[in-house]
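Here's the letter readout for the chains.
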Amino acid sequence: SRWAEGNAARLPELAADLVRLKVDLIVARSSIYVRAAKEATSSIPIVFPIHNDPIGTGQVASLARAGGNITGLATLQTDIYPKALELLSLAVPAAKRIAVLWSPDNPTHTPGLKALDEAGRTLGVKLQAVGARTGTDLEGAFSAMARARAQAVLVLASPAFFAERQRVVELAMTHRLPTMFGLKEAVEAGGLMSYGADYGDLFRRSAIYVDKILRGAKPGELPVEQASKFELVINIKTATALGLKIPQSLLGRADQVIE
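Note that the structure is a prediction, hence the values are computed from the model and not measured.

Caption draft 1: Looking closely at the overall build of the protein. Within the protein one finds 11 helices and 11 strands. What you see for the protein is a C-alpha radius of gyration of 19 Å, in line with the 18 Å of a compact globule of 259 residues. Summarising its shape, the C-alpha atoms of the protein cover approximately 55 × 35 × 35 Å along the three principal directions. For the protein, the share of sequence-separated contacts (at least 6 apart) that also reach a separation of at least 24 residues comes to 67%. Separation between the mean location of the 30 positive side-chain charges and that of the 25 negative ones in the protein comes to 3 Å.

Structure follows, in structure tokens:
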């Protein structure tokens, strides 16, 4: 097992280390890890439990037939992020200027921003993309949101933001910005809302890919499966602290309400 501790710059050396060990298979949890593993090997099978846009990043040929040495499970962010923006707008209807926290290091964030631009136009909200690579960039990012008079923030899924979720929540609360995340752990840490795939289910399903490949299946011939379970989580305590009243219709759709 190798862990970058939220530092994407370490991923190439960690992937190269695994290749030197001549492992039989590499599980790379998401796109940023897959990129490093793909650059390190074209022969060792790579399985991703979570990937926001495997086709858009060019890491697989198609969902039906992955091709090459990489396969796994996709969350399809081009559908999820616009839906998350819609849910955030329902929770905070007064927010017409919404910041999007993204990472230039994450290969899926650029196509994700494009999908959000189209959704923003449909919903009638103005989006402000604010980039941050590491935890040290977060304070500047939220200061930029404040200068642009953002009224809410959508945080794109990223290992760096997950590792710094407590800091992201604290900065958002300091600037009184309602937040939408992709992971419920951020809502448990005090974020307002999250909408995304059930990652536990995806990791369990990825074990089936590992089993098939170790029994002789070729990764390039295995289709990329899509996420089938999604979760909406809302933190009522945070809503109260921000002076928000979440519509009952939205609470009724939530899979979990944290009080």
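There is more to say, and it comes next.
Caption draft 2: Helix α9 (residues 199-214), seen in detail. Across its 16 residues, α9 extends 23 Å between first and last C-alpha, which sits within 8% of the 22 Å expected from 1.5 Å per residue. Among the residues making up α9, those that are buried are Tyr199, Asp201, Leu202, Arg205, Ser206, Tyr209 and Ile213. For α9, the arc enclosing every buried residue in end-on projection is 145°, short of the 170-degree limit, so these residues lie on one face. Turned more than 90 degrees away from the buried face of α9 sit Arg204 and Leu214, all of them exposed. Lining the buried residues of α9 we find β2 (46-48), β3 (70-74), β8 (193-197) and β9 (225-226). Count one or two residues on from α9 and you reach Gly216, which has phi positive near 120°.

Caption draft 3: The arrangement of the sheet that holds β9 in detail. Strand order in the open sheet formed by four strands is β1-β2-β3-β9, and the pairing between neighbours is parallel. Looking at strand neighbours, the two that pair on one side only are β1 (26-27) and β9, the edges of this open sheet. Examined bridge by bridge, β3 and β9 share two bridges and lie parallel to one another. Bridge assignment links Ala74 to a residue of β9, and that residue is Gln226. Taken strand by strand, helix α2 (residues 31-40) contacts β1, β2 and β3, and its axis lies near 175° from that of β2.

Caption draft 4: Structural context of the packing of helix α3 (residues 77-91) against helix α4 (residues 109-123). Where α3 meets α4, the axes come as close as 9 Å, and the angle between the chain directions of the two elements is 40°. In terms of axis orientation, α3 runs oblique to α4. In the packing of α3 onto α4, the handedness of the crossing is right-handed. Between α3 and α4, the contacting residues are Gln77, Thr78, Tyr81, Pro82, Leu85, Glu86 and Ser89 on the first element and His109, Pro111, Gly112, Ala115, Leu116, Ala119, Gly120 and Leu123 on the second. Taken together, the residues of the contact of α3 with α4 break down into eight nonpolar, six polar and one charged.

Caption draft 5: Broad picture of the side chain of Asn69. Secondary-structure assignment places Asn69 in the loop between β2 and β3. At a separation of 3.5 Å, a polar atom in the side chain of Asn69 contacts the main-chain carbonyl oxygen of Thr41. Here Asn69 is in contact with Thr41, Ser42, Ser43, Ile44, Pro45, Ile46 and Pro219, once residues within four sequence places are set aside.

Rules behind the numbers
- Residues numbered from 1 in each chain as written.
- Predicted model: local features only at pLDDT ≥ 70, side-chain atom pairs only at ≥ 80, totals over all residues.
- Heavy atoms only, no water.
- Helix = DSSP H or I, 4+ residues; strand = E, 2+ residues; numbered from the N terminus.
- Rg over C-alpha atoms; globule rule 2.2 N^0.38 Å.
- Contact = heavy atoms within 4.5 Å.
- Lys, Arg positive; Asp, Glu negative; His and termini not counted.
- Charge placed at Lys NZ, Arg CZ, Asp CG, Glu CD.
- Expected span 1.5 Å × (residues − 1).
- Buried < 20%, exposed > 50% of the residue type's maximum accessible area, 1.4 Å probe, protein only.
- Arc of directions from axis to C-beta.
- Pairing = 2+ DSSP bridges.
- Axes fitted to C-alpha atoms, helices over the stretch in contact; angles between N-to-C directions.
- Parallel < 35°, antiparallel > 145°, perpendicular 65-115°, else oblique.
- Left-handed = near helix turned anticlockwise from the far one by under 90°.
- Nonpolar A, V, L, I, M, F, W, Y, C, P; charged D, E, K, R; others polar.
- Polar contact = N/O pair within 3.5 Å; in protein donor to acceptor, adjacent residues only side chain to side chain.

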